Structure formats: structure tokens, C-alpha cells
Amino acid sequence: MGIFKYQALSKQGTTISGEVEASTHSAAVDVLRSKQLRPIVVTERKNAQKSGGGLFGSARVKSEHLVIFTRELSAMVAAGVPLLRCLTSLGEHADSPHFRIILETVAKDVQGGAALADAFEKHPQVFSPVYINMVRAGETAGILDDILKRLALQQEKNATMRKKIKSAMMYPMVLVVVTILAFFGLMIFIIPQIGKIIKDLGGPDAQLPALTQIMLNISAFITSFWFIVFPAIGGGIFLLIRYLRTDHGHALLHRTVLKLPGINKIVTKVVVARFARTFSALIGSGVAVIEALDVTAHAVGNVVYEEILLDAADQVKNGHPLSSIISSNKLFPSIVSQMLLVGEETGQTDQVLVKVADFYEEEVDLAIDGLSSVIEPVMIVFMGGMVGVIAASVMLPIANLSKTVK
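What you see is a predicted model; the values in this text were computed from it and never measured.

Draft legend 1. The arrangement of helix α8 (residues 210-224) in detail. Its 15 residues place the ends of α8 21 Å apart at the C-alpha level, agreeing with the 21 Å of an ideal helix rising 1.5 Å per residue. Here α8 has its buried residues at Thr212, Met215, Leu216, Ser219 and Ile222. Looking down the long axis of α8, one finds its buried residues gathered within 130° of arc, a one-sided arrangement.

Structure, rendered in C-alpha cells:
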């Protein structure tokens, strides 16, 4: 959400200037026109504070807000409430200020004669391609309320899976951060003092164990060149993140993840669950197979599988059945192609794939729980090993000094 400065002509022909809050430039223009003003110049104020995005807020629309909106819209449409009235009412009662203004814009577009899917398409940061295509199919087939129910269920499942993955990764990430901070704290504050005590006791010519000398050298380097070490680490992390956001880095990360033992199985199950649920929702909504494959490819969240599904769409155009295309690829479990074959033979592909999605979502839950139980002891052993190395580097010279004294 941004603040837009404007100059506009009133009904009387006078020039009026001011500011208006809107999500996009076109939305700002629509707001001005609704006030019976004719825009002349509309520019965004660069230093504008984002709506809901102050020090502690965010302009993003949370997934739970979108799920609630979808369920309420489905219920109102099924009850026969006119679509424009649904959007206006839901917009007035939306919890998120950002989402409220977006719904107001959508309502104005619908009032102007636009289809609901086209109005949603103007806000890609909130409504995904899957969402838009399913709504478009529902409008075309006249089953918008059923489609919205499917959408709400799909979003709830996706949100649940994301939360479980994030919660599983939170503990090891905290341990890694604590370990890194503890390492630098010991190297900067503790090891230099211990090294000074050891050298005072043993004298300038004392021969220190190799491990102790290595730790002292690392500590001396960090304390002497901290103004180089920390900016270098920060710059390296920044460049790595920036590279991973590029198309090449993104693809490299996804291909690497699929080669990591243990992690690759979880990623495969997550992708297959997303594919099955998204594709079944689109097919069940009446979207053509090729278009459904194209939309699903961009929704699975992995570049490798995206390329496979886009290639599958091209092969389906040439008359090949989807089940045989999937079966020829080793990245998809055999159960997927078998269930697709059953769906193609019975004409119930969407219902069959829902069962596949349910199965793999349960598998993801079990895999994440298993990974969490493995990560915890591994991280504890890692932290214990680091503390043990530092303790050994301190105790070895003390033991040598006690022998010399004897």
C-alpha cells in the first residue's frame, strides 16, 4: 500500500491537488475517479509509509485472511447474495487494511463490468495464478461457490504444510545461530585471556600443543582483523542470498536440494502433494489439462519439477497420456502415475489425485517429525563437539605444564 500525490480536475474545472492511499497506480486513479475527479498527474510518494507496514506491521495479506475471505465469499455466493454486494461487505469487514483496500478495488472493477477473475488478476501479490484460474473456470461453468470451497480447502492444506515445515526448521536454525555466536564470543573474549594465562605460566619459549596453537591463531586473527572478518562474512551472506534469488541460483539450489540424502525425500513428497492437490483442483474446476499443467508447474515450488511438468504439457499436446509421461520420470513416485492411469480410465482424475495429495501430506508430516527427531541430537553433538575442541585446546597445555612442574 502506497501514498500517491495527485493533481486532478474537479467537476467545476478547478485544479485540486492532494494525496490518496492505494495499492497500485491504477487503483489510485480509480479512487480519484470514484470521487468524480479527473486525474492529471498521479505519482507515488517514495518515502510513504506502507499501510500496515510500519515498524511492527506488514502490508502482506496473511494466508488465513485469504482463506476466511474465500470461505465467506463461497457461502454468500451459494446463498444467492449478488457478487458486488459480497465483495463490498467483505471488504468493509476485512481485518487487514491492505486487504480491505484491495477488495474495494476489486469491487469497483466488478462494478465496472470486469469478471471477478480479471479483477483478482490485477493483484498478483495476493491472488496466485492457481486462485485466478480456478475462479475463472468457476465463473465460466457457473459453479463459483463450489470452486471457492475447493480453493479454501486447498489454501488451508498448503498453509498447514508450510507451518509444519517452518516449525521443523526453526529449532535447528536457532541452534546454528547460537552456535555461531558462541564460537565468536569464545574466540574474541575467552580464548585470548586463556592464551595469555597459559603463556604467562609456561614462559615465552613454552611449546603449546598444535590444537591450542591453532585456536590461539584463529582467535588472534579474528580479534586483529574483526573489521575485515565480519564485513566479509556479512557481504558473503548477502551475495549468496542475492545469487540464490536469481534464476540460475534458484535452479541450482533446487537441484542441489534434490540430491541431499534425507532432505530430497521430504522435498519430493511436498512437491508431489502440491502437484496432486493443485492439479486435481484445477481439473475438477473444469480447467483444460494443458492449462492446468502449466499453472500447476509454476505452483509446485521446485524448478526441476516445474520443467518436468511444462515438458509434460508439450507432450500432452502431441497426444501422449499424462500417466505415461509421469511414469517415465524417476522423480515422481510410481504411485502417482498409477493413480493418474486409474483416473484417466475412469474419468475421475481429480478425485483420485485428492487421495494422492492426502496420502503424501500425511507422509510429509511423518517425514518432518522424523527429521526433527534426528536433527536435535545431531545439533547437540555438533555443539558439544565444538565446546569439547575448545576445552581440549585449553586443558592440553595445562596438563603439559603440570608434567613440567613435576
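So much for the structure itself; the text now carries on.
Draft legend 2. Up close: the packing of aromatic side chains. Summed over all chains, the structure comprises 16 aromatic pairs. An angle of 25° between the planes, with centres 4.1 Å apart, marks the rings of Phe120 and Phe127 as stacked. The class of Phe120 is buried, set by a relative accessible area of 0%. By relative accessible area, Phe127 is classed as buried at 1%. Between Phe127 and Tyr131, the aromatic rings sit 5.2 Å apart at their centres with planes inclined by 50°, giving tilted as the arrangement. Taking relative accessible area as the criterion, Tyr131 reaches 1% and is therefore assigned buried. An aromatic cluster is built from Phe69, Phe99, Phe120, Phe127 and Tyr131, whose rings are joined through pairwise contacts.

Reading guide: rules and limits
- Residues numbered from 1 in each chain as written.
- Predicted model: local features only at pLDDT ≥ 70, side-chain atom pairs only at ≥ 80, totals over all residues.
- Heavy atoms only, no water.
- Helix = DSSP H or I, 4+ residues; strand = E, 2+ residues; numbered from the N terminus.
- Expected span 1.5 Å × (residues − 1).
- Buried < 20%, exposed > 50% of the residue type's maximum accessible area, 1.4 Å probe, protein only.
- Arc of directions from axis to C-beta.
- Phe/Tyr/Trp six-rings, centres within 6.5 Å; stacked < 30°, edge-to-face > 60°.

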